[in-house]
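Chain by chain, the residues:
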Amino acid sequence: MTIQLAEYVSHLGLIDHHCHGVTSANLSSGQFEALATESSWRSPFGGSNFDTPFGVAVRALCAPELGLEAHCTGEQYMERRIALGPDAVNQTLLRGTGIERYVVETGVGAHMLGPKEVADAAGAEFGEIDRLEALAEDELALAENGEDFVARVVERIGASAARSLGFKSIVAYRCGLDFDPDQPTRDEVRDAADRLLRARTSEEPVRLEDPVVIRFLIWEAVRHGCPLQFHVGYGDSDIDLHRCDPSKMTEFIRRTVDTGASIMLLHCYPFQREAAFLAQVYPHVYLDTGAAVNYTGFGSHAIIRESLELAPFNKVMFSTDAYGLPELYYCGSHLWRRGVARVFGDWVADDEMSLDDAKRYLDMIAVGNAAKVYGR
Amino acid sequence: MTIQLAEYVSHLGLIDHHCHGVTSANLSSGQFEALATESSWRSPFGGSNFDTPFGVAVRALCAPELGLEAHCTGEQYMERRIALGPDAVNQTLLRGTGIERYVVETGVGAHMLGPKEVADAAGAEFGEIDRLEALAEDELALAENGEDFVARVVERIGASAARSLGFKSIVAYRCGLDFDPDQPTRDEVRDAADRLLRARTSEEPVRLEDPVVIRFLIWEAVRHGCPLQFHVGYGDSDIDLHRCDPSKMTEFIRRTVDTGASIMLLHCYPFQREAAFLAQVYPHVYLDTGAAVNYTGFGSHAIIRESLELAPFNKVMFSTDAYGLPELYYCGSHLWRRGVARVFGDWVADDEMSLDDAKRYLDMIAVGNAAKVYGR
Amino acid sequence: MTIQLAEYVSHLGLIDHHCHGVTSANLSSGQFEALATESSWRSPFGGSNFDTPFGVAVRALCAPELGLEAHCTGEQYMERRIALGPDAVNQTLLRGTGIERYVVETGVGAHMLGPKEVADAAGAEFGEIDRLEALAEDELALAENGEDFVARVVERIGASAARSLGFKSIVAYRCGLDFDPDQPTRDEVRDAADRLLRARTSEEPVRLEDPVVIRFLIWEAVRHGCPLQFHVGYGDSDIDLHRCDPSKMTEFIRRTVDTGASIMLLHCYPFQREAAFLAQVYPHVYLDTGAAVNYTGFGSHAIIRESLELAPFNKVMFSTDAYGLPELYYCGSHLWRRGVARVFGDWVADDEMSLDDAKRYLDMIAVGNAAKVYGR
């Protein structure tokens, strides 16, 4: 029965409910390695990002797709990758994921292939998620004063809510998830924006870190009752990890129970248990293990297992959080398949869950839950 | 040898050192599902609590006890359950647990079967634990002023200490485990109680959240040198999970080393490692994985394994934290048996622990440790 | 291939990059048990530290080295241990570790065998690490005033940097890892030292807990660009565990990226995932699972596995954190071997990693990474 289940998992169509654009550049080794980590530095003692859990996964899983031996060296991989060129690599790897719908968050990587282009390369459908902080930074560049900023953001979020599938916030990066759960008043927001605008220079764009303005964005999105994605846990060097525990936003979650908004907790590592607790207790909370699956490589089944300890099966989602490299889509989807095949396979093999239930829950996690929450 | 061990585990008699009453009502599906989760809401997109880790465990483990196929549907389960009626279901499931002594905490579920009734249905013995905050809320309804409240509580806790096996505190829910470890002065307590009494209305009972009064209760219980159970970690929507890390009460634990009180850390998820650390380092600290085992279903062996990484084998206890549903007793005991059979079974199979040691440690965890701590 | 890998692991030479001295006393049972735990107390209900995860490991792994049956009783073990005497026991167990270089931290256990004596007993090489707080406490006993203290510490750390392999800080114990990341000014340090010196008595040595002075020590060590070890996570009853999460020192880590210093996160339990995150993102951060492996006994493979989820393979180290007992060296090394053999063995068995890569990564973790960071 576990073989039957593994077979079933390998054919599951997927909605990737949180990912980013893919680069169309023919990456050098250095450029590839810089996109294959959450770090911004190289080790002072050398070493390669092919010698990381993700690098091992690329060499094991993607190399054969590019016609190489599994476990080839990083040099061999890059040589073939450069020879094939980005279009072929993107198409081969994206089409090998089994992802049928890409829900692309467009807040970073403006120079990369966008939602439609990714979907076209993959032969799949797409949807869009707007990043609140990016949208607000756009308006901070244009607004005449705080009052104008508020009006612009209200209009922009309204238009975005009508067009996109939902919003994403990176308040975890900018303030921490222990942000004040109170909705700020219009006056507070206007004054905070005025302060930012007075400090604005023509040299570089404003980086929005003001907690009042960010809380305003979040509550404005909540007002529209759409899915609202939050970066949770693990990320790059902008993160203070202990402030990214999702249980630190519990009071905010309590106050949004009846708003119609859905709270999507992304990645969550190493707080997948805390996230699953919130998803069990609060009716509008969902989680995935996105980026964590890619960067923990063949150790990722442990994270997937923990994310499935407490969460009801209608509260878990699939995503890759892929950014830039098609390898992140490919490994993200195949590592996830291996992980759930193992977790559900163990349950079925030990007669703890029926094969039919396992298939039903996998359908929900792969597609059904996301289809319900994101609707169109 | 692992088969021998599994056999041994299946026959272990148990002391359930923390549980609650069982309902005698013939529950509807909706009522059953409401008791089968820590959530207070239903999902806006529908779904059933039979499709959660606990729901899967009920259908796998309890269904055959009620004469159904394992993995039957929730509808089939409820139909049979209603047809059998609560007395038969309670008796069947409780007698199937192997629990020989139920230590029932009576602070919630006044309308449910109490300690003696549960024990009678189960054909077992019982003991009682009094909840400090419930006892104080009773007295807040009756006290004439702060001074009177203090006198009443001192007397009530004294009487309770003479009669019951120990106390339970839900300071984790009401204040967080990062409560001030200082013992409040009598004047501080009297003033805090006076404030609560002035705010008292005839419409609804006082909900005790005042940290000064709760610290007073805890220290008053410590003064009697009895076992003192603390809710730790995972719970319902009243919880701020990050404040329920037991290491946040380290200073309180330090100050009670020599008082004769035992500190019982309950449930602990996802802080079972932190709890086991405290149990290793402090001579009067114990832990269990109670509620966490039930609500993580067939994933619970991972939590049991983590709880046994660092803790000395004389510091770990068994409980179900069952409340309302006899299924919580049944699954709580059988999931725990499966978990320890796997953890100790792996050690024995790999010749890392002798079969005799494994049996000896299991006896301690099942019965011996609780018998020592709770005494009579 | 997994057998080949296990064989390879069993012959790996090791650098133990963080350990302490070994006792030369013929320990009584009570003395042995006191060194076999992080606790300072015995259980009020009795029990033996041979009935803990570490005690089980000693009886399983060390007993045969002393000519006893595996899983013998603690009494049998102590009887043989006392009969053999400390020199024979030290030599047998140390030489059985496969450790080729002992990097000994000398801040505790002045009455024990020092680096050279340990290495001689083991037939191995050694290096030294100086504990910053111990060194400062020495100078606090001698300094005439704050100014003099500062000058003495600057000179002492300079001399130490020229002689030893690096430094260790126990700021986790004394202040918590949430220490202020700012470098204190010379005036602040002088004033803080003056305060300590005014409170100094002739009766007992100063216990350095002043955060300004400790931050000064850390930054002074950073100035020399050497490896700087931090106690992280799990320890004895001086620890407030929640303050020992290494992600709480993220800002300090950010500010030292370009200093040439390497930040070595020791033990890390239960924060091995947080530590591995820091090791992935910051180029100068490394981690091990030292003490955690010993005290979690045969459960330690789970901690090793988690430490290898996110960390690049050039950022992980081996240590035992052994103190006093040669059993801690022996179990620390053999439990680690069993753990990595299992983790890498699973990857190789599932064709997720090539055998050659696994060997290469194991060489790095066992020796290569430490050799690069500690240099000479």
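Quantities reported herein were computed from a predicted structural model and do not represent experimental measurements.

Draft legend 1. Here's a closer look at the side chain of R81(C). Checked against the element boundaries, R81(C) lands in helix 4 (residues 74–84). When near neighbours in sequence (up to four residues on either side) are disregarded, R81(C) contacts N26(C), L27(C), F32(C), L66(C), V89(C), L325(C), P326(C) and E327(C).

Draft legend 2. Broad picture of the packing of helix 5 (residues 86–95) of chain B against helix 16 (residues 326–349) of chain B. All names here are of chain B. Closest axis-to-axis distance for the helix 5/helix 16 pair is 8 Å, and the angle between their directions is 15 degrees. Between helix 5 and helix 16, the crossing angle belongs to the class labelled roughly parallel. Along this stretch, helix 5 crosses helix 16, giving a crossing that reads as left-handed. Here V89, N90, L93 and L94 of helix 5 lie close against helix 16, whose contacting residues are P326, E327, Y329 and Y330. Residues that form the contact of helix 5 with helix 16 fall into these classes: 6 nonpolar, 1 polar and 1 charged.

Draft legend 3. Local environment of the environment of F271(A). Tracing the backbone through its elements, the reader meets F271(A) in the loop between strand 6 (262–267) and helix 13 (272–281). Look at F271(A) and you get buried, because its relative accessible area is 8%. Placed 226 residues apart in sequence, F271(A) and F45(A) show a C-alpha to C-alpha distance of 31 Å. Residues within four places of F271(A) in sequence aside, it is in contact with G233(A), L241(A), C244(A), D245(A), P246(A) and E274(C).

Draft legend 4. Main features of the layout of surface pockets. Of the pockets and cavities examined, the second largest pocket occupies roughly 850 Å³. Looking at the second largest pocket, it is lined by 32 residues, and the ones nearest its centre are R305(B), H301(C), A302(C), R305(C) and R342(C). Looking at the lining of the second largest pocket, its residues break down into 5 nonpolar, 6 polar and 21 charged.

Draft legend 5. Broad picture of the domain arrangement of chain A. All names here are of chain A. Taken domain by domain, chain A comprises domain 1 (2–25 + 87–374) and domain 2 (27–84). Computed over C-alpha atoms, the centres of domain 1 and domain 2 are 26 Å apart. With 26 residues of domain 1 at the contact, the number on the domain 2 side is 21 residues. Of the roughly 2000 Å² buried at the junction of domain 1 and domain 2 (both faces included), carbon and sulfur atoms supply 72%. Three residues stand out in domain 1 for area buried against domain 2, namely Y295, L325 and E327, and they jointly supply 28% of the buried area on that side. The interface formed by domain 1 and domain 2 contains 1 salt bridge. For E327, the salt bridge goes to R81, with nearest N and O atoms at 2.7 Å. Counting across the domain 1 and domain 2 interface gives 4 residue pairs in polar contact (both at pLDDT 80 or more).

Draft legend 6. Seen up close, the relation of the copies chain A and chain B. Here chain A sits on chain B after a turn of 120 degrees about the axis and a move of 0.0 Å along it, with an RMSD of 0.0 Å. What the rotation and shift describe, once combined, is the action of a three-fold rotation axis. Comparing contact sets, just 3% of the residues at the interface of chain A also lie at the interface in chain B, consistent with a heterologous contact between different surfaces.

Draft legend 7. Representation of the interface of chain C and chain B within the structure. Contact with chain C, which involves 41 residues of that partner, is made by 34 residues of chain B. Between chain C and chain B, the buried area comes to about 3000 Å², and carbon and sulfur atoms account for 54% of it. Where chain C touches chain B, the interface holds 6 salt bridges. In this structure, D240(C) and R254(B) form a salt bridge, with 3.0 Å as the shortest nitrogen-oxygen distance. Taken together, the links from chain C to chain B amount to 18 residue pairs in polar contact (both at pLDDT 80 or more).

Draft legend 8. Focus on the pairing of strand 1 (residues 14–19) of chain B. Residues and elements named next belong to chain B. The buried fraction of strand 1 is high, at 6 of 6 residues. Pairing between strand 1 and strand 2 (residues 99–105): 4 bridges, direction parallel. Of the residues in strand 2, the one forming a bridge with C19 is V104.

Scoring rules and cut-offs
- Residue numbers restart at each chain and count upward from 1, following the sequence in its written direction.
- Here chains are named by letter from A upward and ligands by number from 1 upward, in the order in which they appear as written.
- Owing to the predicted nature of the model, reporting of local features is limited to residues with pLDDT of at least 70; listing and counting of side-chain atom pairs is limited to 80 or more, with chain, interface and lining totals taken over all residues.
- No hydrogens and no water enter the side-chain calculation; it runs on all heavy atoms of the structure.
- Each helix is a run of DSSP H or I of at least 4 residues and each strand a run of E of at least 2, with the numbering of both proceeding from the N terminus.
- Here, two residues are considered to be in contact whenever any of their heavy atoms come within 4.5 Å of each other.
- Think of each axis as a best-fit line through the C-alpha atoms, taken over the contacting stretch in the case of a helix, with angles from 0 to 180 degrees between the N-to-C directions.
- Here the angle decides the label: under 35 degrees means roughly parallel, over 145 means roughly antiparallel, 65 to 115 means roughly perpendicular, and every other value means oblique.
- Handedness of a helix crossing follows the sense of rotation of the near helix relative to the far helix, less than a right angle counterclockwise being left-handed and clockwise being right-handed.
- Each residue receives one of three labels: charged for Asp, Glu, Lys and Arg, nonpolar for Ala, Val, Leu, Ile, Met, Phe, Trp, Tyr, Cys and Pro, and polar for the others, Gly being one of them.
- Summary of the burial criterion: residues with accessible area below 20% of their type's maximum are buried, those above 50% are exposed, and those between are partly exposed, where the area comes from a 1.4 Å probe applied to protein chains only.
- Method remark: on a 1 Å grid restricted to protein atoms, a set of points is classed as a cavity if a 1.4 Å probe fits but cannot get out and as a pocket if it is open with protein on both sides within 12 Å along at least five of seven lines; lining residues have an atom within 4 Å of a point.
- Grid points are joined across faces, edges and corners, and a volume is the space filled by probe spheres set on the points.
- Residue ranges assigned to each domain were obtained from an automatic or database domain assignment.
- Buried area is a sum: the accessible area each of two parts loses on coming together, probed at 1.4 Å, counted once for each and added.
- The working definition used for a salt bridge is a side-chain nitrogen of Lys or Arg within 4 Å of a carboxyl oxygen of Asp or Glu.
- In protein, a polar contact requires one atom able to donate a hydrogen and another able to accept it; more generally it is a pair of N or O atoms within 3.5 Å, and residues adjacent in sequence count only if both atoms are side-chain atoms.
- In this comparison the copies share one frame, found by least squares on the C-alpha atoms of residues holding pLDDT of at least 70 in both.
- We treat two strands as partners when DSSP finds at least two bridges between them.

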